[in-house]
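# Structural features, examined
Each chain, letter by letter, is given below.
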Amino acid sequence: MLNRRTADALGIGPVWRLRQDQEEAAEPVLLAESVPSPAPMAPEPLPLSRVLQTLPGAPAHTEPSPVVPPARPLAGTACAQMGWGELEAGVRECRQCRLCAQRKQAVFGVGDVGADWLFVGEGPGADEDEQGEPFVGRAGKLLDQMLASLGLARGSGVYIANVVKCRPPNNRTPEADETAACFPWLSRQIELIAPRLIVALGRPAAQTLLGQEVRIGAARGKLHHYGKIPLVVTYHPAYLLRNPSDKAKSWADLCFARRIQREGKTEL
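For the structure given in this document, a descriptive report is provided here. Keep in mind the model is a prediction, meaning the values are calculated, not measured.

Definitions and limits used
- Residues numbered from 1 in each chain as written.
- Predicted model: local features only at pLDDT ≥ 70, side-chain atom pairs only at ≥ 80, totals over all residues.
- Heavy atoms only, no water.
- Pairing = 2+ DSSP bridges.
- Helix = DSSP H or I, 4+ residues; strand = E, 2+ residues; numbered from the N terminus.
- Contact = heavy atoms within 4.5 Å.
- Axes fitted to C-alpha atoms, helices over the stretch in contact; angles between N-to-C directions.
- Core = buried A, V, L, I, M, F, W, Y, C linked by side-chain atoms within 4.5 Å.
- Buried < 20%, exposed > 50% of the residue type's maximum accessible area, 1.4 Å probe, protein only.
- Arc of directions from axis to C-beta.
- Parallel < 35°, antiparallel > 145°, perpendicular 65-115°, else oblique.
- Left-handed = near helix turned anticlockwise from the far one by under 90°.
- Nonpolar A, V, L, I, M, F, W, Y, C, P; charged D, E, K, R; others polar.

To continue, consider the sheet that holds strand β1 (residues 110–111). Read across the open sheet, the 6 strands follow the order β1-β3-β2-β4-β6-β5; overall the sheet is mixed. Looking along the sheet, the strands with just one partner apiece sit at the ends: β1 and β5 (224–226). Of the pairings in the sheet, the one linking strand β2 (residues 117–121) to strand β4 (residues 197–201) comprises 4 bridges and is parallel in character. Looking at the pairing, W117 lines up with L197 of β4. Across the face of the sheet, helix α5 (residues 138–149) comes into contact with β2, β3 (158–162) and β4 while running at roughly 150° to β3. Against the sheet, helix α7 (residues 203–210) makes contact with β2, β4, β5 and β6 (229–234), and its axis sits at roughly 135° relative to β4, the strand it touches most.

So, on to the environment of K247. One can find K247 in helix α10 (residues 247–263). Along the sequence, K247 and P237 sit 10 residues apart, while their C-alpha atoms lie 9.0 Å from each other.

By size, the foremost hydrophobic cluster in this structure holds 62 residues, and its most contacted members are W117, F119, I198 and L209. Other than its neighbours up to four places away in sequence, W117 contacts L150, L152, G157, V158, Y159, L197, V199, A257, R258 and Q261.

We now examine unusual backbone geometry. One non-glycine residue, N170, adopts positive backbone phi at about 55°. With respect to the secondary-structure elements, N170 resides in the loop between β3 and α6 (176–193). Assessed through its relative accessible area of 69%, N170 is described here as exposed. Look at A194: it is not a glycine, yet its phi comes out positive at around 50°. As for its position among the elements, A194 is in the loop between α6 and β4.

The subject of this paragraph is the pairing of β4. Of all 5 residues making up β4, 5 are buried, and the element is well covered by its neighbours. Here β4 shows a buried face lined by L197, V199 and L201 and a second buried face lined by I198 and A200. As defined by bridge partners, β4 adjoins β6 across 4 bridges and the pair is classed as parallel. Residue L201 lies in a different strand from β6, and its bridge partner there is T234.

The subject of this paragraph is helix α3 (residues 84–93). Among the residues of α3, L87, G90 and V91 are the ones counted as buried. Angularly, the buried residues of α3 cover 100° about the axis, an arc narrow enough to put them on a single face. Seen from the open side of α3, the exposed residues pointing more than 90 degrees away from its buried face are G85, E86 and E93. At its buried positions, α3 is contacted by α6.

On to the packing of α5 against α10. Between α5 and α10, whose axes approach to 10 Å, the crossing angle comes to 45°. Taken together, the axes of α5 and α10 are oblique relative to one another. Considering how the two elements wind past one another, α5 and α10 form a crossing that is right-handed. When α5 is examined against α10, the residues L142, M146 and S149 are found in contact with a partner set consisting of K247, S250, W251, L254 and R258. When the residues that make up the contact of α5 with α10 are grouped by side-chain class, the tally is 4 nonpolar, 2 polar and 2 charged.

Right, let's talk about the packing of α3 against α6 for a bit. It is at 11 Å that the axes of α3 and α6 come closest, and there the two elements cross at 160°. On the basis of their axis angle, the class for α3 and α6 is roughly antiparallel. The chirality of how α3 crosses α6 is left-handed. Contacts between α3 and α6 involve W84, L87, G90 and V91 on the former and, on the latter, W185, R188, Q189, L192 and I193.

Right, here's the structure in full:
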C-alpha cells in the first residue's frame, strides 16, 4: 500500500489506496515528475535472421541490433557452476566483447541475493560506469521511487541487474553479439537468486529474457515467463523520464506485478 509518507516523498497525490483483493482495479498513481534524461530511445528491433548472424561461423556485421539471442546460456558456459564470489570476479575480468574496451568498470548488480523481486534493465550508463552500481543516475532515482511505491527498497528483498555489464558507448542499445556474450552472467545470477518474480525494464531487457522481439505496448499487462519464473514487462525508468505521461501505465504494471508475486502464479 502506498502510504502518505511515501506519497509526499514522491510528490504525488491524491493517494488511491488499494483494496487488498482488488489491486488490479485501482486507479493508477502517477510517480514523481523528473527532469528529462538525454538517454536515447531504443531503435526498432531487427528480424531474427540478423541475430543469427552473431552465431559462430556466421558472417560478421557492423550495424547495431537491439534484438537479442535466445534467452538461455550456451552449453558448457564456464560460469554455469560459479558461486557469487567467483561469478562477480568473472564479470569484473570479462573480455568477451568490445564493451570492455572503454569501460571504467563492469557493473555486476546489487541487492539481496535471496530476493523475491528481480529488476533487469538494459545496461550501465555513465553514472553506473563511474560508481560500479546499476541504476544510480536519474533513472535510478526514479526506480527507487517505483520500488518505494511497492513498499520495497533497494537491497531488501530486491535485486537489480542489467542485460550487459559494461556501458555501451554513448549509452547506445547493446548489439546482439554483445548481449550474447554477456547473457550467461545474467542467467547464472537468476539461477542463484531464484526470484519469485522478474520485472523486465524496457524492450532490450524484455527481448533478452524472453528470447524474442518485443513491443512494450503489446507485452504490458500480460504474464510472461522466464523458465518457470513469472515475468512482467514495463517501461524503463529512463523512458519514463522522457515520457512522464506513461508513468501511470508503469504504476499499473507494478500493481499487476505485485498481484502476481503475492499470488505466486506460475501457470502459462
